[in-house]
2 protein chains.
Amino acid sequence: MIGPDDVRAAARVLEGIAHRTPVVRSRTLGENIVVKPENLQRAGAFKFRGAYNKIASLPRGTAVLAFSSGNHAQAVALAARLLGSRAAILMPTDAPRSKVEATLGYGAEVITYDRYTEDRDALGEALAAERGCELVRPYDDPLIMAGAGTAALELLEDAGTVDTLVVPVGGGGLIAGSATIAKELGVRRVVGVEPAAGDDWQQSFAAGEIVAIEVPHTIADGLQTHAPGVLTWEVGSQRVDEIVTVSDEQIVDAMRFAFERLKLVVEPSGAVGIAAVLNGLVDSPRTGIIVSGGNVGADRFAELLA
Amino acid sequence: MIGPDDVRAAARVLEGIAHRTPVVRSRTLGENIVVKPENLQRAGAFKFRGAYNKIASLPRGTAVLAFSSGNHAQAVALAARLLGSRAAILMPTDAPRSKVEATLGYGAEVITYDRYTEDRDALGEALAAERGCELVRPYDDPLIMAGAGTAALELLEDAGTVDTLVVPVGGGGLIAGSATIAKELGVRRVVGVEPAAGDDWQQSFAAGEIVAIEVPHTIADGLQTHAPGVLTWEVGSQRVDEIVTVSDEQIVDAMRFAFERLKLVVEPSGAVGIAAVLNGLVDSPRTGIIVSGGNVGADRFAELLA
């Protein structure tokens, strides 16, 4: 199981490569609430942290393959380019256009699959074996979790006292890494937020073991996982205190709030933490919220808010 | 005429009060182009810098009055509140709803006037005299100019070498302060950007003296001034190298670019610098762009981009 030193080691790998995103505040959100806008991270999401940390650990020039609903794809594509590796990315056929284009823009090869009928894990393993390249998993990998946790480390270094940390939960890489460093640094509660339609983590917490659900239909395309990862669950089940859920409507309201009050473009998955706080699901005097990403096209944004 | 030390003095006044906004980059915009996003400033625009610098110079508790198409209003309202002063704001009847609401939200009194028929300067002077309060001008004041210039100072401190600085021009407070410190710090060219419909500065440069135009109709509501200020012209005519103009369409494209690539919400006036660079109007290897503000509602944004 990863520990705080793995997150610190990742921070050293990422120094000068990943952006140190700022922490921002809004009076309307609350005097003692800080937001870590990872939408301002390279490739538009926290995913770059884990992808770079992972690929940097491989022998120079190793070809990589990844499967992703979007942000991990762009992250792997960019990290591979920076590290001189070729990247191939398996993306669902219904991935947002802007994410596919960005991935191609970073010079990766894109291979599509049907999210609702094909098993991406099996497909990914098979392709990686066939091509002899390294599979970079989106979350269930110690180096990916540790890399993601550096977002929380920076938040806690830059924000002053934080009592509760609020983190979006998809596969669980971000919350596993974040909870690991947060508990070390004295954060009392770590709260994960999922879309209500995709409450696999909440159900798993209730059952005390990994529960798999149908692939959820939600606007939060980055959080459409159907079950916690094996490794992220091992960490998350021990270090995360609570999972709350928000509706797609609450997510849209949070995106509008981020736009108008924080002047930040936040994608649906990225807005779940703000949604949880705006709807009173997190009761804490000093809260840190990780906004995970901002990869949403302007037209899609307008459509969601209409 | 203000000098670099006035900008440095303002920076000391603002330290720990104004946000030190980050500098951000986008590969798509250019490897050596840095953006200073003052949309992330308190009250959503660079205007807070000048307003606070000015009001902090008055005897504690002095009531203030301001006239503004929006961002200066919010800036004065917030700065006054922080400094324990009452604020009344004259706003045009067609000011964006979001800006009026934000001003009221900061606890200021709002008085409306017709931008196209009434003379706001005369109205402001009369009201200030009648009420015995201090008029806080939007740009034509040494403390306002010096405060605004701190945005450029921070950009230059944080960005490494900048050859050319690109700055939105309305009344000219931001560019006057920015050019003053930029030339001191070795910037070769300072380029102002106006909406094409409101080219009062460009015409003034061509004439070698202040030229007044009709109040321009443009989506860039923060840049609808009809003539340079007397003091801002004195500084700008000596320290600014060139004025370029952009169309409303180019402004909308720049807003979309900021949204999708920088993940930043930028209002029309704030986007003119990005528009100038995207359209090849600035030829420089190392460019710094000040994005002046982000106060645009989500619905208005969607409407502009439709």
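Refer to the structure presented above.
The structure displayed is predicted, hence computed values, not measured ones.

A.B. asks: Before we move on, could you go through the overall build of chain A and cite the residues and values that matter?
C.D. replies: For chain A, the count of helices and strands is 12 helices and 9 strands. By the compact-globule yardstick of 19 Å for 306 residues, chain A fits well, its C-alpha radius of gyration being 17 Å. Scored against the burial criterion, the 306 residues of chain A give a buried share of 62%. Within chain A, residue pairs in contact and separated by at least 24 positions form 70% of the contacts whose partners lie at least 6 positions apart. Total accessible area computed for chain A in this model is approximately 11100 Å², and 46% of it derives from carbon and sulfur atoms.

A.B. asks: So what about the relation of the copies chain A and chain B? Which residues, and what values?
C.D. replies: Its rotation angle being 180°, the transformation that places chain A on chain B also includes 0.0 Å of axial translation and leaves an RMSD of 0.0 Å. Taken together, the rotation and translation relating the two chain copies correspond to the operation of a two-fold axis. A shared binding surface is used by both copies, with 100% of the interface residues of chain A retained as interface residues in chain B.

A.B. asks: Give me the environment of Asp5(B): which residues, what numbers.
C.D. replies: Residue and element names in this part refer to chain B. As for its position among the elements, Asp-5 is in helix H1 (residues 4-14). Looking at Asp-5, the relative accessible area reads 56%, which means it is exposed. Taking the C-alpha atoms as reference points, Asp-5 and Glu-184, separated by 179 residues in sequence, lie 9.8 Å from one another. A distance of 3.1 Å separates the side chain of Asp-5 from the side chain of Arg-8, its partner in a polar contact.

A.B. asks: I'd like a description of helix H2 (residues 47-55) of chain B, backed by residues and values.
C.D. replies: Along H2(B), 9 of the 9 residues are buried, which leaves the element largely enclosed by surrounding structure. Buried residues of H2(B): Lys47(B), Phe48(B), Arg49(B), Gly50(B), Ala51(B), Tyr52(B), Asn53(B), Lys54(B) and Ile55(B), and no others.

A.B. asks: Tell me about the interface of chain A and chain B, residues and numbers included.
C.D. replies: Interface size, as often reported, equals the accessible area lost upon joining of the parts. Every contact between the two is made by 24 residues of chain A and, on the other side, 24 residues of chain B. Summed over both partners, the interface of chain A with chain B comes to about 2000 Å²; 59% of that surface belongs to carbon and sulfur atoms. Looking at the side of chain A facing chain B, the largest losses of area belong to Arg27(A), Phe259(A) and Lys263(A), adding up to 33% of the total buried there. At the surface where chain A touches chain B, the tally comes to 2 salt bridges. Across the salt bridge formed by Asp299(B) and Arg256(A), the nearest N and O atoms sit 3.2 Å from each other. On the surface where chain A and chain B come into contact, there are 8 residue pairs in polar contact (both at pLDDT 80 or more). Sorting the residues of the side of chain A that touches chain B by element identifies helix H10 (248-262) and helix H12 (298-305) of chain A as the ones contributing at least two each. Ranked by residue count, the leading element in the side of chain A that touches chain B is H12(A), at 5 residues. Residue composition of the side of chain A that touches chain B, by class: 12 nonpolar, 6 polar and 6 charged.

A.B. asks: With reference to specific residues and values, describe the environment of Ser57(B).
C.D. replies: All names here are of chain B. By the secondary structure assignment, Ser-57 is in the loop between H2 and strand E2 (64-67). It is 36 Å that separates the C-alpha atoms of Ser-57 and Ala-298, two residues lying 241 residues apart in sequence. A polar side-chain atom of Ser-57 sits 2.6 Å from the main-chain carbonyl oxygen of Lys-54.

A.B. asks: Give a description of unusual backbone geometry that names residues and reports values.
C.D. replies: All names here are of chain A. The phi torsion at Lys-263 lies on the positive side, around 60°, for a residue other than glycine. Mapped onto the fold, Lys-263 is located in the loop between H10 and helix H11 (272-278). Judged by its relative accessible area of 6%, Lys-263 falls in the buried class.

A.B. asks: Tell me what's going on with the packing of aromatic side chains, and back it up with residues and numbers.
C.D. replies: With the rule as written, the count across this model stands at 12 aromatic pairs over all chains. When the ring of Phe259(A) is compared with that of Phe259(B), the centres are 6.4 Å apart and the planes differ by 45°; the resulting orientation is tilted. Here Phe259(B) lies in helix H10 (residues 248-262) and Phe259(A) lies in helix H10, a pairing that spans two chains. Across this residue pair, the class does not change: Phe259(A) and Phe259(B) are buried. Aromatic rings pair up to connect Phe259(A), Phe301(A), Phe259(B) and Phe301(B) into one cluster.

A.B. asks: Can you break down the sheet that holds strand E1 (residues 33-37) of chain B residue by residue, with the values?
C.D. replies: All names here are of chain B. Strands sit in the order E1-E9-E6-E7-E8 across an open sheet of 5 strands; the sheet is parallel. The strands lining the two open edges of the sheet, one partner per strand, are E1 and strand E8 (242-246). Along the sheet, successive strands turn relative to each other by an average axial angle of 25°, direction set aside. The pairing of strand E7 (residues 189-195) with E8 spans 5 bridges and is classified as parallel.

A.B. asks: Account for the sheet that holds strand E4 (residues 109-113) of chain A, with residues named and values stated.
C.D. replies: All names here are of chain A. Pairing is parallel across the open sheet formed by 4 strands, whose spatial order is E4-E3-E2-E5. Unpaired on one side and paired on the other, E4 and strand E5 (134-135) mark the two borders of the sheet. For strand E3 (residues 87-92) and E4, the ladder comprises 5 bridges, and the chain directions are parallel. Residue pairing in the sheet places Leu-90 in a bridge with Ile-111 of E4.

A.B. asks: Describe the nonpolar core, listing the residues and the values that go with them.
C.D. replies: Of all hydrophobic cores here, the largest spans 76 residues; its most connected members are Ile274(A), Phe301(A), Ile274(B) and Phe301(B). The contact partners of Phe301(B), leaving out residues within four places of it in the chain, are Phe259(A), Ala298(A), Phe301(A), Met255(B), Phe259(B) and Val296(B).

A.B. asks: Pulling in residues and values, what's your account of the pattern of salt bridges?
C.D. replies: Residues and elements named next belong to chain A. What the rule picks out here adds up to 34 salt bridges over all chains. In this structure, Glu-154 engages Arg-49 in a salt bridge whose closest nitrogen and oxygen atoms are separated by 2.9 Å. With Glu-154 in helix H6 (residues 142-159) and Arg-49 in helix H2 (residues 47-55), the pair connects residues that are 105 residues apart, well separated along the chain. Grouping residues by exposure puts Glu-154 and Arg-49 together as buried. Three or more residues are tied together by salt bridges with common partners; here these are Lys-36, Glu-38, Arg-49 and Glu-154.

A.B. asks: Go over helix H3 (residues 71-82) of chain B, please, and point to the residues and values.
C.D. replies: Residue and element names in this part refer to chain B. Its 12 residues place the ends of H3 17 Å apart at the C-alpha level, agreeing with the 16 Å of an ideal helix rising 1.5 Å per residue. Taken across its 12 residues, H3 has 10 buried, putting it largely inside the fold. Within H3, the full set of buried residues consists of Asn-71, His-72, Ala-73, Gln-74, Ala-75, Val-76, Ala-77, Leu-78, Ala-79 and Ala-80. Taken together, the buried residues of H3 touch H2, E2, strand E3 (87-92), helix H4 (97-105) and helix H6 (142-159). Once H3 ends, the next one or two residues include Gly-84, with phi positive near 75°.

A.B. asks: Describe empty space enclosed by the protein, with residues and values.
C.D. replies: Residue and element names in this part refer to chain B. Summed over all chains, the structure comprises 2 cavities of 30 Å³ or more. Here the largest cavity defines a volume of roughly 50 Å³. Lining the largest cavity, in full, are Phe-46, Lys-47, Gly-50, Ala-51, His-72, Pro-138, Tyr-139, Ile-144, Ala-148, Gly-173 and Leu-174. Where the lining of the largest cavity is concerned, the elements lending two or more residues are H2, H6 and helix H7 (173-184). The residue makeup of the lining of the largest cavity, split by class, is 7 nonpolar, 3 polar and 1 charged.

Rules and cut-offs
Residues numbered from 1 in each chain as written. Chains lettered and ligands numbered in written order. Predicted model: local features only at pLDDT ≥ 70, side-chain atom pairs only at ≥ 80, totals over all residues. Heavy atoms only, no water. Helix = DSSP H or I, 4+ residues; strand = E, 2+ residues; numbered from the N terminus. Rg over C-alpha atoms; globule rule 2.2 N^0.38 Å. Buried < 20%, exposed > 50% of the residue type's maximum accessible area, 1.4 Å probe, protein only. Contact = heavy atoms within 4.5 Å. Areas by Shrake-Rupley, 256 points an atom, 1.4 Å probe, with all protein chains shown as cover. Least-squares fit on C-alpha atoms with pLDDT ≥ 70 in both. Polar contact = N/O pair within 3.5 Å; in protein donor to acceptor, adjacent residues only side chain to side chain. Buried area = accessible area lost by both parts, 1.4 Å probe. Salt bridge = Lys/Arg side-chain N within 4 Å of Asp/Glu carboxyl O. Nonpolar A, V, L, I, M, F, W, Y, C, P; charged D, E, K, R; others polar. Phe/Tyr/Trp six-rings, centres within 6.5 Å; stacked < 30°, edge-to-face > 60°. Pairing = 2+ DSSP bridges. Axes fitted to C-alpha atoms, helices over the stretch in contact; angles between N-to-C directions. Core = buried A, V, L, I, M, F, W, Y, C linked by side-chain atoms within 4.5 Å. Expected span 1.5 Å × (residues − 1). 1 Å grid on protein atoms, 1.4 Å probe; cavity = no way out; pocket = protein on both sides within 12 Å on 5 of 7 lines; lining within 4 Å. Points joined across faces, edges and corners; volume = space filled by probe spheres on them.

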